[in-house]
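These are the residues of each chain, in order.
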Amino acid sequence: MSETETLFCIGCGAKLQSVNPQEAGYIPANTLKKYQEDSSEPELYCQRCFRLRHYNEVTQVPLDDVHFKHLLSQIGHEQALVVYVVDLFNFSGSLIKQLQHYIGKNPILLVGNKADLIPSSFKLNKLKNWLQHQLKTAGLHPIATELVSAKKLTNIDDLLTKITQLRHQRNVYVVGTTNVGKSTLINAIIRAHNGWQDLITTSNFPGTTLNEIRLPLTDGGELVDTPGIIHKNQISQFLTAKELKYLTPQKEIHPRIFQLQEQQTLFLAGLGRLDFVKGKPGSFVVYVDNQLYVHRTKLEQAADFYQRHLGELLQPPAEADTFPPLRAQNINTTVKSDIVFSGLGWIAVPENVQLQAYLPQGLQVEVRPSLIN
Ligand SMILES: Nc1nc2c(ncn2[C@@H]2O[C@H](COP(=O)(O)OP(=O)(O)OP(=O)(O)O)[C@@H](O)[C@H]2O)c(=O)[nH]1
Ligand SMILES: [Mg+2]
């Protein structure tokens, strides 16, 4: 690489280098040379992006969350429109409570992504109100909200119209936690604009985008993809690369309804557990990836069952030995509620029931008033 020219990977934003294959932006020297001799190929991808795009295999590189947060705080130094993307299926894992602190006075356009996963029985308008309310409770005040599916290209035109209305020539930054679909959304926008497909690398590994990716907009200014903020204590840390698919469902979630009596237990494979300790019999509705195994058993047998079947029938996790023990939280509902197993999904439960909800040690179950009631 010539000393004057710095090249960046169009897939993940990393600065390209041919020195260390273990670091971000590595590209073999001969690939780079070929590109420099014949730059009719406008897109240059690092080796990690190449493997992700063609084989969905991730090369682990150090993720620098401090650098990612620094990039976010730079937005506060300019006048910009901030498109804050949240995952409708994993709202609690999408929340950045400090967002306004990072981006200064700049306005937020809220995008609820992955609408394609939400069961068709949900009213999208109600979901939108719910989302706005959640943001307000967290102290964030978006000036507009759009629900989209970046994957299915739903409502992308409406979102583009909103962005055009609100941006007043300013740069547009797409921000959010990892895996909410920021890069997929930018690809959808590029596709609607000029037909290019899948320019930026996307994957279900958290931390795909490694640096800003700045794309020029036709009427001046830039559309900027950013690396996702990493939420600590996510269930993804306990899953293998293959098992991550349960956290990023690809199809509409089909609710699974269980009529439960007190003293019964539901297992979310080996990853989570809900005990119905006391209350009137009622419907427990499970919203998780359609492929995730859900098992019902008697509470008195549950602990023994878990010990015997973890890593086998109750899989994921595939590795029972290294998986942290499940820890219980007591929950009493007064209204119909959702018990949220962050990243995995949620279980809608009746009012006035006494429960115990379990996740691996270190992770928190959350309770919210039911989305459908
Ligand atoms: N079902 C569904 N999946 C989506 C949608 N948008 C993105 N995904 C999936 O979510 C995962 C993460 O997508 P990315 O676009 O890489 O997410 P990101 O926010 O850019 O992630 P980082 O770069 O790690 O911060 C991938 O498996 C995508 O296929 C959507 O609208 N619906
Ligand atoms: Mg990305």
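Preceding this section is the structure that the text describes.
A.B. asks: Just to check I follow, could you spell out the pairing of strand β9 (residues 272–278) for this structure?
C.D. replies: Along any regular strand, the residues point their side chains to alternate faces of the sheet. Buried residues dominate β9, accounting for six of its seven residues. Alignment of strand β8 (residues 264–268) against β9, held across five bridges, turns out to be antiparallel. Pairing of Q264 across the sheet is with F276, part of β9. Between β8 and β9, which follow one another and run antiparallel, lie three residues, and A269 among them has a positive phi close to 45°. Across five bridges, β9 lies against strand β15 (residues 354–360) in antiparallel orientation. Pairing of D275 across the sheet is with Q356, part of β15.

A.B. asks: Can you walk me through the site of ligand 1 in this structure?
C.D. replies: If you check the shell around ligand 1, you find 24 residues, and the closest are D116, K182, T184, G207 and T209. In this structure, an oxygen atom belonging to ligand 1 sits 3.3 Å away from a side-chain N or O atom of S149. Alone, ligand 1 offers 650 Å² of accessible surface; in the complex the protein occludes 96% of this. Of all the elements, helix α7 (residues 182–194) adds the most residues to the shell around ligand 1, at three residues. Partitioned by chemical class, the residues of the shell around ligand 1 number five nonpolar, 15 polar and four charged.

A.B. asks: Honestly, the environment of P107 in this entry has me stumped. Any pointers?
C.D. replies: Mapping P107 onto the fold places it in the loop between α4 (99–103) and β2 (108–113). Taking the relative accessible area as the measure of exposure, P107 reaches 17% and is therefore buried. Along the sequence, P107 and V82 sit 25 residues apart, while their C-alpha atoms lie 6.2 Å from each other. If we ignore the near neighbours within four places in the chain, the residues touching P107 are A80, L81, V82, I143 and R170.

Thresholds, definitions, all that
Residues numbered from 1 in each chain as written. Chains lettered and ligands numbered in written order. Predicted model: local features only at pLDDT ≥ 70, side-chain atom pairs only at ≥ 80, totals over all residues. Heavy atoms only, no water. Buried < 20%, exposed > 50% of the residue type's maximum accessible area, 1.4 Å probe, protein only. Helix = DSSP H or I, 4+ residues; strand = E, 2+ residues; numbered from the N terminus. Pairing = 2+ DSSP bridges. Near = heavy atom within 4 Å. Polar contact = N/O pair within 3.5 Å; in protein donor to acceptor, adjacent residues only side chain to side chain. Areas by Shrake-Rupley, 256 points an atom, 1.4 Å probe, with all protein chains shown as cover. Nonpolar A, V, L, I, M, F, W, Y, C, P; charged D, E, K, R; others polar. Contact = heavy atoms within 4.5 Å.

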